[in-house]
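Chain and residue survey
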Amino acid sequence: MLSRKGLIPEDYLLTRLAEDVLQQPKFKAKQRKARFVAKNGRCNVAHTNIREQGRFLQDVFTTLVDLKWLHTLVIFTMSFLCSWLLFGMIWWLIAFAHGDLDAKHESFVPCVTDIHSFSSAFLFSIEVQVTIGFGARMITEECLSAIIVLIIQNIVGLVINAIMLGCIFMKTAQANRRAETLIFSKHAVITVRNNKLCFMFRLGDLRKSMIISATVHMQVVRKTVTNEGELVPLDQIDIQMDNPVGTNSIFLVSPLIISHTIDKNSPLYDLSADDLLHEDIEVVVILEGVVETTGITTQARTSYLSDEILWGQRFLSTVSEEDGLYAVNYSKFGNTIKVPTPSCSARTLEEEGGMERFRARETTSFGATVRRRPKHRNTKVA
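Description of the structure in this document. (Residues numbered from 1 in each chain as written. Predicted model: local features only at pLDDT ≥ 70, side-chain atom pairs only at ≥ 80, totals over all residues. Heavy atoms only, no water.)

Description of the sheet that holds strand β7 (residues 282-291)
Strand order in the open sheet formed by four strands is β5-β4-β7-β8, and the pairing between neighbours is antiparallel. Among the strands making up the open sheet, the edge pair consists of β5 (231-239) and β8 (297-305). Mean inter-strand twist for the sheet, computed between neighbouring axes without regard to direction, equals 25°. (Pairing = 2+ DSSP bridges. Helix = DSSP H or I, 4+ residues; strand = E, 2+ residues; numbered from the N terminus. Axes fitted to C-alpha atoms, helices over the stretch in contact; angles between N-to-C directions.)

Some remarks on the pairing of strand β6 (residues 256-261)
Walk down a regular strand and you will see the side chains alternate between the two sheet faces. Burial analysis of β6 places six of its six residues in the buried class, which makes it a mostly covered element. Burial of the side chains of β6 extends over both faces: L256, I258 and H260 are buried on one face and I257, S259 and T261 on the other. Sheet topology places strand β3 (residues 196-205) next to β6; six bridges connect them, and they run antiparallel. Along β6, the bridge assignment pairs M200 with S259. (Buried < 20%, exposed > 50% of the residue type's maximum accessible area, 1.4 Å probe, protein only.)

A look at the packing of aromatic side chains
Aromatic ring pairs: the centre-centre distance and the angle between the two ring planes describe each pair. Tallied over the full model, the rule gives seven aromatic pairs. When the ring of W91 is compared with that of F124, the centres are 4.9 Å apart and the planes differ by 85°; the resulting orientation is edge-to-face. Here W91, found in helix α4 (residues 69-98), pairs with F124, found in helix α5 (residues 118-129); they are 33 residues apart in sequence, far enough to count as distant. Summarising the burial analysis for this pair, W91 and F124 share the class buried. The structure contains a cluster of three or more aromatic residues connected by ring pairs, namely F76, F80 and W84. It is K171 that lies over the ring of W69; its NZ or CZ is 5.2 Å from the centre. (Phe/Tyr/Trp six-rings, centres within 6.5 Å; stacked < 30°, edge-to-face > 60°. Lys NZ or Arg CZ within 6 Å of the ring centre and 35° of its normal.)

Topic: the nonpolar core
In globular proteins that are soluble, nonpolar side chains generally tend to be buried together. Core analysis: the largest hydrophobic core is formed by 41 residues, its most contacted members being F199, F201, L203, V216, L287 and I309. Excluding anything up to four places from it in sequence, I309 contacts A188, I190, F199, L276, I281, V283 and Y304. The next biggest cluster of nonpolar side chains, apart from the first, holds 13 residues, and it includes F87, C111, F124 and V149. (Core = buried A, V, L, I, M, F, W, Y, C linked by side-chain atoms within 4.5 Å. Contact = heavy atoms within 4.5 Å.)

Comments concerning the side chain of T341
You can see T341 is positioned in the loop between β13 (336-338) and α8 (346-351). With relative accessibility at 14%, the residue T341 sits in the buried group.

Some details on the environment of E142
Of note, E142 is situated in the loop between α5 and α6 (144-172). Taking the relative accessible area as the measure of exposure, E142 reaches 45% and is therefore partly exposed. Each C-alpha atom of the pair E142 and H98 lies 9.6 Å from the other, and the pair is 44 residues apart in sequence. Ignoring sequence-local partners within four residues, the contact set of E142 consists of H98, V109 and P110.

Functional significance is not addressed by these values, which are geometric in nature.
Right under this line is the structure:
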């Protein structure tokens, strides 16, 4: 339905279909209870037993922006209705105290003309706050209290308009809407690149408008125990990135494969293919950048569990040159192929001589499995 409306390109739908339908060879990991960050970027954390609820009222604007749309619209409507009713009551009291509601002779000058009941006072309150003048009801210089109330209501109306309209604008221009067109590969892979084991995933942007100064951060979230025996249920360990352009920021004009070299400083240094089956680890990926069209900082997040990390796989190429242009085929965005990869950890691979020793061993084992075909002898029947 979204593709028919032109909101999401057809290629992206094909990408998701290809990732879900194609049976990717992967290891089945143990089911963990919960994930720290969902695939769509939502943090799976519930804040309970907060006793100091008043702190949220100290920052009313941020609290209103964080509310759901239904709650925001209800507060938006009720703030105007309540202010109109409050000042409508005040105008009715002023008219009642001055005698504007009673029968008047021709020389009588009221505080506000044409106020005969609470309904007319309520309409006058709306006209004052919304700056609508119908010409029938207007204030006179007879009552000083009416002039003061007029000034106060104008100031209150300006404050309500500034807060509520600013809140509506911020909710419609939230940067997380831009993150909807930033896509991550459904799976991450661990394979060999430049003779070293690397953790890789693919990142892409569906829009033509770019993300300026885009940076990628990664963390490993796992349960650890300190040397003193303290249990840390969600230990967040930073991962150093190997950006494809060699700088701190990435140029996200086409899908990029973000790589992390598993070395001595990596938290994945002791992770092997067998360990990936039994350990509950989660790799959190965070993309931050500035939206080119609005100048607002945006952030997109996702995570990869143990069963979403494919060992010994490599991403297929999505970029090709056609008629002098570089074409991106998003139908291959999440597709991978199996490549020869050692199943041991990076530490074991380094201690055993690196990839050269592994390739030599693979060549020897392959030669040993080759058998010559026995020659068939021609036997004569006597």
